[in-house]
Amino acid sequence: MESISIVIVLLMLQFRIELPESIREQWFFQWADISHGFPMGRWCHVVLALGVPCFIAVLLLYLACQLGFLVEIIVDVFILLMAVVPTPLFSSMFNVTEKWQLDQVEDVPEILEELTDEPVDCEDNPLDQLRGMQNTVFIMAALRSWFVPIFWFFLVSPVAALLYRLIQLMVEFHVEKNEEVNHILKQLLDWIEWPVARILGLCFIVSGKVGEVFSAWCEGVLSIKRPNSEFLSDQLNVALAIEPQDNESQLPVLQDRVSREVPAIKSLIIRCFILVAVIALIF
């Protein structure tokens, strides 16, 4: 059941079929505002804001099971579409490459900030550091937008994928409200993403460098304290044989590297998608 739903959602994303923002996100911010007004402790607000939508999802799944296969598929697809984030990843990758080629590198951080909740500031840093940073942003955006919700959807249940997305939205909701709550929720997201990042790093064997990728994966797979972004970035560099950072490189050299690396990253993400779809159909 879940495997069919995953393949349907992947096909829908391929053809850019997605839910409106009002259905996908705005409803949660409105509900979080309402729950935040209740006279309760801050963590009670968090539990209430996250728990009620998940409880409703459980009820929908239970009712769908009673109504038959087709209804269950529809509910699964709807929940997964709520959980994934249709970020403009591929168009952003194209725009970044174009900015490099037009010598407008100062515009790249603004494009990258559309894909991450972290500030991207490279004004005082060498350009080659920006090249490494953008590659990390690309792969982390793919991880958080698609691979994590699909993984928990398939391994646990549709509600687990929805909960992951709701925690992301709760982080956005608490950006200016409570720094302590925000920090703990971000740490929770890191833990949820940890196993998926390790599995995605192994999926990079589709690049063709099976031995090198598997060797690097074995070295870093059990490093619990190692950030997911650092692990995936190292795996990406091995899988695509990306040039190490060289802060002395001139702009034309960096432009050539970016023009080769960004399309290769896009191709790798697509191949990992295909691998996920095949595994979902098999199991």
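Residues numbered from 1 in each chain as written. Predicted model: local features only at pLDDT ≥ 70, side-chain atom pairs only at ≥ 80, totals over all residues. Heavy atoms only, no water.

(A) View of the overall build of the protein chain. For the protein chain, the count of helices and strands is 12 helices and zero strands. Secondary structure elements of the protein chain occur, N-terminal to C-terminal, as α-α-α-α-α-α-α-α-α-α-α-α. Against the compact-globule benchmark of 19 Å for 283 residues, the protein chain has a radius of gyration of 20 Å, which places it among compact chains. On the principal axes, the C-alpha backbone points of the protein chain span a range of 60 × 45 × 35 Å. Residues counted as buried form 47% of the 283 residues belonging to the protein chain. Intrachain contacts of the protein chain at a sequence separation of at least 6 include 74% that bridge at least 24 residues. On the protein chain, roughly 14600 Å² of surface is accessible, and the fraction owed to carbon and sulfur atoms is 63%. Once the 17 positive and 35 negative side-chain charges of the protein chain are each reduced to a mean point, those two points are 4 Å apart. (Helix = DSSP H or I, 4+ residues; strand = E, 2+ residues; numbered from the N terminus. Rg over C-alpha atoms; globule rule 2.2 N^0.38 Å. Buried < 20%, exposed > 50% of the residue type's maximum accessible area, 1.4 Å probe, protein only. Contact = heavy atoms within 4.5 Å. Areas by Shrake-Rupley, 256 points an atom, 1.4 Å probe, with all protein chains shown as cover. Lys, Arg positive; Asp, Glu negative; His and termini not counted. Charge placed at Lys NZ, Arg CZ, Asp CG, Glu CD.)

(B) Summary view of the pattern of salt bridges. Summed over the entire model, instances satisfying the criterion amount to 12 salt bridges. Where Glu180 meets Arg42, a salt bridge forms, and the shortest distance between an N and an O atom there is 2.8 Å. In this pair, Glu180 sits in helix α9 (residues 179–203) while Arg42 sits in helix α3 (residues 42–67), placing the two residues 138 residues apart along the sequence. Looking at Arg42, the relative accessible area reads 38%, which means it is partly exposed. Residues Glu230 and Arg226 are paired through a salt bridge, measuring 3.4 Å at the closest nitrogen-oxygen approach. Classification of Glu230 by relative accessible area gives partly exposed; the value is 40%. Each of Glu18, Arg24, Glu25 and Arg165 takes part in one network of salt bridges that share partners. (Salt bridge = Lys/Arg side-chain N within 4 Å of Asp/Glu carboxyl O.)

(C) Molecular detail of unusual backbone geometry. The phi torsion at Asp103 lies on the positive side, around 60°, for a residue other than glycine. The topology assignment puts Asp103 in the loop between α5 (89–101) and α6 (108–112). In this structure, Ala241 is a non-glycine residue whose phi angle is positive, near 50°. Relative to the assigned elements, Ala241 resides in the loop between α11 (228–239) and α12 (251–282).

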